Amino acid sequence: MRRRDFLVGLAAAAGAAACGSASPSGSATPTSVASPAGASAALTGASFPHGQLVDWRITRWRADPWALGSYSFLAPGASSSTRRTLARPVGDRLFFAGEATDGDHPATVHGALASGRRAAAEVATTAPAGPVVVVGAGVAGLGAARDLVAAGRPVVVVEARDRIGGRVWSVDVGDAVLDLGGSWLHGLRDNPITGIAESLGIDLVRTDYDDALLFDADGSPLSWSRLDDQYEAVDELLGSSASTSSMADDVAELRRRFSGDGLRYLEYVLASEVEHWYAASADDMSFATTRDGGPSRGGDAIPRTSYRPIVDWLADGLDVRLGEPVEAIRTSDAGVAVATALGEHRAAAAVVTLPLGVLKAGAVEFDPVLPGPKRAAVEGLGMGVMDKVVLRFDEAFWPATTDLFSYASEPPGRYVEWYNAVPWTDRPILVGFNAGRPADEIEAWSDEETLDLALGTLGRIRW
C-alpha cells in the first residue's frame with residue numbers, strides 16, 4: 001500500500017484533525033507553554049550541530065488548567081451518539097458547544113465553530129427571551145456569541161484566560177506568528193473558515209502530506225517502501241471493525257507480528273498516521289474513533305497569518321470579559337446564574353463551551369447537577385493530548401521546500417513528525433509533534449530535557 005493511499009482512506013473515514021488541529025491554549029499564568037522568557041537563557045543561542053537556536057516554544061496542553069488536553073476522541077464504549085448526548089441542551093436554559101459536541105468534524109477548529117453556531121440556533125429557537133452568557137471565548141464561544149448578537153440577543157462572554165481563542169493560540173516567535181494549538185484548516189472545500197480567511201485576504205498555504213522525507217532512528221534516509229507491510233497491516237487493523245470496543249488487544253496482536261526494525265517501523269506508522277490524527281495512543285482508542293465524523297474534502301492548509309486575524313474577526317464587537325474563570329453555573333425557572341471569580345452574571349440562558357478536559361475534571365459546579373446521560377457522555381469521551389515544540393534557528397539546515405520530515409524514533413512515538421514552517425512564515429522554523437502517551441510522558445520533563453530530545457533528534461538526522 002502506498003502511503004498516500006493510506007492517508008486518503010483514513011481522511012475519508014474520519015473527520016478528526018491531524019497535528020493538533022482542533023484547539024489548545026495557555027492561561028493567565030501560561031502553564032501550558034514554555035519559552036525563553038520563563039526558562040534558562042542558556043537554552044537560547046546554544047550551539048547546535050547545524051546552526052544556532054534563536055527562539056523556541058514548548059506546549060504542555062495536559063497541564064493547562066483551562067484545557068486539560070488538546071481535543072476529544074472516542075474512547076472504548078463511546079460512539080458518535082455520545083457526542084450528540086454531550087451536545088444536547090439541558091432544558092431551555094443550558095446549551096452546550098465545543099469541538100467534542102460536533103458530530104461532523106470533531107477535534108477541528110471548524111467543528112468548534114459549527115458547534116457554537118448550532119448552539120446559538122438552539123438558543124434562538126428554544127430559550128426564553130433575554131440576555132445570554134457564553135462560557136468560554138474559544139472559537140466555539142465566539143461563534144455562538146457572534147450569531148446570538150446578530151439575532152438581537154444581549155451577550156456577555158466570560159473567559160478564564162487573559163486572551164481570546166481558547167485552544168487556538170497564536171504567538172509571536174520573533175517576527176513570525178505561529179499557532180501553538182489549532183493550526184490547520186482541514187477540508188478546505190467544506191470548511192466555513194475558508195470563506196472567512198478569503199474575505200480577510202489571508203493566504204492559505206496548502207500542506208502536501210506526501211511531500212515528506214523519512215528517516216530511520218539513526219538518522220539515515222529511509223525509503224517509504226520499507227514500510228509497505230506496516231501500512232498494509234495498520235490499514236487492515238483499522239478496517240477490521242467499526243465497533244466501540246477497544247483497539248488495545250488487536251494492536252498488541254499486531255505488534256507480535258513484527259520484530260526488530262519491522263516493529264519499530266510499525267510503531268512509527270501507528271504514531272504518525274493514527275495517534276497524531278486523534279491525539280491519543282492506539283491502545284486507548286476504540287475502533288469507532290477512525291470512523292468518527294464526516295469526510296474532509298479539499299485538502300488542508302495553514303493560514304500564513306496564523307489563526308490570529310480569524311479569531312480577532314470572530315470576536316469583533318463582542319463583550320468579552322477576560323480573566324474571569326467560571327466557578328459555578330446555576331439554573332432555575334428564573335434563569336441562569338454564572339458565578340465567576342469576579343462576580344455573577346445573570347441571564348435567560350447560557351452556552352457552555354468548556355473543553356471536554358475541564359468538564360471531565362469537574363472544575364465547574366453545575367447546580368442542579370447535569371443529567372446522568374450528560375455526565376456519562378463527559379466520562380465516556382476521551383481527551384487526547386497533542387504537544388508541539390517550535391524551534392527557530394539562525395538559518396534553515398533542512399530542505400526548505402519540503403513540507404514534512406518523518407522519523408522512525410527509538411523509543412517509539414517521540415518527535416516522529418516535524419513540519420517545515422518556512423512555507424508559512426518565510427522564517428527558519430521547524431515544528432515538532434508528540435501525541436498520546438509519549439506526549440503525556442514528555443510533559444513531565446523539564447524544558448532542558450525536552451529541548452535536548454528535540455535538538456538531539458534533529459542533530460541525528462542526515463539532512
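Residues numbered from 1 in each chain as written. Predicted model: local features only at pLDDT ≥ 70, side-chain atom pairs only at ≥ 80, totals over all residues. Heavy atoms only, no water.

Chemist: Explanation requested: the sheet that holds strand β13 (residues 320-321) in the structure shown.
Modeler: Through backbone hydrogen bonds, the strands of a sheet pair up, either in parallel or in antiparallel fashion. The parallel open sheet is built from 5 strands, whose spatial order is β5-β17-β6-β7-β13. Either end of the sheet is taken by a strand with one partner, and the two such strands are β5 (94-96) and β13. (Pairing = 2+ DSSP bridges. Helix = DSSP H or I, 4+ residues; strand = E, 2+ residues; numbered from the N terminus.)

Chemist: Looking at this structure, I do not really get the packing of helix α6 (residues 228-239) against helix α8 (residues 260-278). What am I missing?
Modeler: A pair of packed helices is captured by two measures, namely the crossing angle of their axes and the spacing between those axes. Relative to each other, α6 and α8 sit at 50 degrees, their axes nearing to 9 Å. Here α8 runs oblique to α6, going by the angle between their axes. The chirality of how α6 crosses α8 is right-handed. From α6, Q230, Y231, V234 and L238 reach across to α8, where they touch G262, Y265, L266, Y268, V269, L270, E273 and V274. (Axes fitted to C-alpha atoms, helices over the stretch in contact; angles between N-to-C directions. Parallel < 35°, antiparallel > 145°, perpendicular 65-115°, else oblique. Left-handed = near helix turned anticlockwise from the far one by under 90°. Contact = heavy atoms within 4.5 Å.)

Chemist: What is the right way to look at the nonpolar core in this model?
Modeler: Soluble globular proteins: nonpolar side chains tend toward being buried together. In this structure, V134, V139, L148, Y307 and V351 are the most contacted members of the largest nonpolar core, which totals 37 residues. Of all the secondary structure elements, the ones that give two or more residues to this core are α3 (109-126), β6 (132-135), α4 (139-150), β7 (155-158), α5 (192-199), α9 (308-315) and β17 (349-352). Non-local contacts of V134, meaning those with residues more than four positions away in its chain, are made with G141, A145, L148, V155, V156, V157, V158, V351 and T353. (Core = buried A, V, L, I, M, F, W, Y, C linked by side-chain atoms within 4.5 Å. Buried < 20%, exposed > 50% of the residue type's maximum accessible area, 1.4 Å probe, protein only.)

Chemist: Looking at this structure, how should I read the sheet that holds strand β14 (residues 326-332)?
Modeler: The strand order across the open sheet built from 4 strands is β16-β15-β14-β18, with neighbouring strands paired in mixed fashion. The open sheet terminates on both sides in strands that have one partner only, identified here as β16 (343-347) and β18 (365-367). Ignoring which end each strand starts from, the neighbouring axes of this sheet average 15 degrees apart. Relative to β16, strand β15 (residues 335-340) runs antiparallel, the two sharing 5 bridges. Bridged to V336 within β16 is A347.

Chemist: Would you take a moment to explain a negative patch on the surface for this structure?
Modeler: Taken together, the side chains of D229, E232, D235 and E236 present a region of like negative charge at the surface. Following the sequence through the fold, D235 ends up in helix α6. (Patch = residues over 30% accessible without salt bridge, like charges linked within 9 Å, V, L, I, M, F, W, Y side chains within 5 Å. Areas by Shrake-Rupley, 256 points an atom, 1.4 Å probe, with all protein chains shown as cover. Salt bridge = Lys/Arg side-chain N within 4 Å of Asp/Glu carboxyl O. Lys, Arg positive; Asp, Glu negative; His and termini not counted. Charge placed at Lys NZ, Arg CZ, Asp CG, Glu CD.)

Chemist: What's the story with α3 in this structure? I'm lost.
Modeler: One full turn of an α-helix is made of 3.6 residues, so residues set three or four places apart face in the same direction. For α3, which comprises 18 residues, the first-to-last C-alpha distance of 26 Å matches the rise-based estimate of 26 Å (1.5 Å per residue) to within 8%. Every buried residue belonging to α3 is among V109, H110, G111, A112, L113, S115, G116, A119, A120 and V123, and all of these are buried. Of the surrounding elements, those touching the buried residues of α3 are β5, β6, α4, α5, α9 and β17. (Expected span 1.5 Å × (residues − 1).)

Chemist: Can you walk me through unusual backbone geometry in this structure?
Modeler: Glycine aside, the phi torsion of most residues is negative, and most peptide linkages are trans. Going from D367 to P368, the amide bond is cis rather than trans, its omega being 0 degrees. Omega for the bond connecting E410 with P411 falls within 30 degrees of zero, at 0 degrees, which places this linkage in the cis form. Despite not being glycine, L68 shows a phi value in the positive range, around 55 degrees. Structurally, L68 is set in the loop between β3 (51-59) and β4 (71-73). Residue Y415 is not a glycine yet carries a positive backbone phi of 50 degrees. Mapped onto the elements of the fold, Y415 is located in the loop between β21 (404-407) and β22 (417-420). Overall, the relative accessible area of 2% leaves Y415 in the buried class.

Chemist: Mind showing me how you'd approach the pattern of salt bridges here?
Modeler: Once their charged atoms are close, side chains differing in charge can pair, the charge on each being opposite to the other. Counted under the stated rule, the structure contains 26 salt bridges. Here D292 makes a salt bridge to R83, at a shortest N to O gap of 2.7 Å. One end of the pair, D292, is in the loop between α8 and β12 (300-303); the other, R83, is in helix α2 (residues 80-87), and 209 residues separate them in sequence. Linked through salt bridges whose partners overlap, the residues forming this network are D64, E159 and R161.

Chemist: I would appreciate a short explanation of the packing of aromatic side chains in the present structure.
Modeler: We describe a pair of aromatic rings using the distance from one ring centre to the other and the angle between the two ring planes. Applying the stated criterion across every chain yields a total of 15 aromatic pairs. Considering the side-chain rings of W184 and W424, the 6.1 Å spacing of their centres and the 75 degrees angle between planes classify their relative orientation as edge-to-face. Here the residue W184 occupies a position in the loop between β9 (176-179) and α5, and W424 occupies one in helix α12 (residues 422-425), the gap between them amounting to 240 residues. Take W184 and W424: they sit in the same class, and that class is buried. (Phe/Tyr/Trp six-rings, centres within 6.5 Å; stacked < 30°, edge-to-face > 60°.)

Worth remembering: the numbers are spatial, not functional.
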